[in-house]
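# Observations on chain architecture
The chain contents come next:
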Amino acid sequence: MNNDVKQAYVKTRKSQKPATVIALMRMFGRCIPLEESLGKDLCEFSEQEILENYKNNFNCNSSSLQNYNSLYAQYTEFCMRMYPDRFNISCNAYKKFNKKYFDNMIEDSVILTEEVLRSAIMRMWNPVDKFLCVAAREGMSRQEIRAAKYEDITGNTIRCYELDDEDNRKYIRTIAISEEFKQYAYESANTFTTRSVKDNQILKRELFTGDMIVKPKKDVYDNTTCKLAVLKQKYWSITKEIEPLITYDSLRTFGIYQFISKLGIQDEEDVTLENRNKLNTQFNSIGKYNNPKEWIALQKTYQ
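In what follows, the accompanying structure is described. (Residues numbered from 1 in each chain as written. Predicted model: local features only at pLDDT ≥ 70, side-chain atom pairs only at ≥ 80, totals over all residues. Heavy atoms only, no water.)

### What about the packing of helix H8 (residues 127-137) against helix H13 (residues 248-262)?
- At their nearest, the axes of H8 and H13 sit 7 Å apart, and the two run at 50° to each other. Judged on the interaxial angle alone, H13 and H8 are oblique. Between H8 and H13, the residues in contact are Leu 132, Cys 133, Ala 136 and Arg 137 and Tyr 248, Leu 251, Arg 252, Phe 254, Gly 255 and Gln 258, respectively.
- Tallied by class, the residues present in the contact of H8 with H13 amount to 6 nonpolar, 2 polar and 2 charged. (Axes fitted to C-alpha atoms, helices over the stretch in contact; angles between N-to-C directions. Helix = DSSP H or I, 4+ residues; strand = E, 2+ residues; numbered from the N terminus. Parallel < 35°, antiparallel > 145°, perpendicular 65-115°, else oblique. Contact = heavy atoms within 4.5 Å. Nonpolar A, V, L, I, M, F, W, Y, C, P; charged D, E, K, R; others polar.)

### With respect to helix H1 (residues 3-10)
- Taken together, the buried positions of H1 are Val 5, Lys 6, Tyr 9 and Val 10. All buried residues of H1 fall inside an arc of 140° around its axis, so they share one side. (Buried < 20%, exposed > 50% of the residue type's maximum accessible area, 1.4 Å probe, protein only. Arc of directions from axis to C-beta.)

### Considerations on the sheet that holds strand S3 (residues 169-176)
- Spatially, 3 strands are ordered S1-S2-S3 in an open sheet, and the strand pairing comes out antiparallel. Of all strands in the sheet, those bounded by a partner on one side alone are strand S1 (153-154) and S3.
- Across 2 bridges, the pairing between S1 and strand S2 (residues 157-163) is antiparallel. Bridge pairing in S2 places Ile 153 opposite Ile 158. (Pairing = 2+ DSSP bridges.)

Structure follows, in structure tokens:
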């Protein structure tokens, strides 16, 4: 809908590379179902219609939602400035959405259970996928997962690191881990191939032979001049075909719920400073869970 306007907006962008133009038009394409249903352009959507669109037509993480929203907000500003008589825009509703909103929306929309997680892990071929699930659930950040080595494990704890800009590991913290964590970490650290299925064919690819628990694919590593970029790449090979509910965010939220449950929290008075510190030590940057009300709300979500 109104492709001429969208193309006019794209021409105002700094990069006019074909790949960039195609990517932007695809991002606009995500709104076509609701545009056609409502009979109006995405720049005219109300706050409620925007929310409906994101929940029904966007299956992605908080950061991706922010990128989409930023584009739509800029496009709406363009329409208000250049086509004031063509569209019925009372305000730029996209500006009402921010990072915190999207973080909360992702957490509230995805409910993972122990039964679903166990079933999915049993269907995973690659040890690294199982490790990713458990590591996210037990509080490791994406950066810490990428930098993890099996030698970092001592007893029932792991020393967490991140990779800096010079390819050095920087110590961050130490957290408690389960026996399951140690098992999958060992298996992943000692596995140097990954398997996938394409057109009913089982495909194997070699992994980089370094000592990281989560290893990049060898052919990608060998053919990339910037080795650090490969080591720091976002590695998340759990596919939607295995279980759509499994994402880093859903695993982390489920882990926080399990951690809170083990503390025996019954009401807001139980959410003491000591308990909040315990949660923050394990999960780091707990955000809204500094508020006792969010602890109780999370427990109700899973009941």
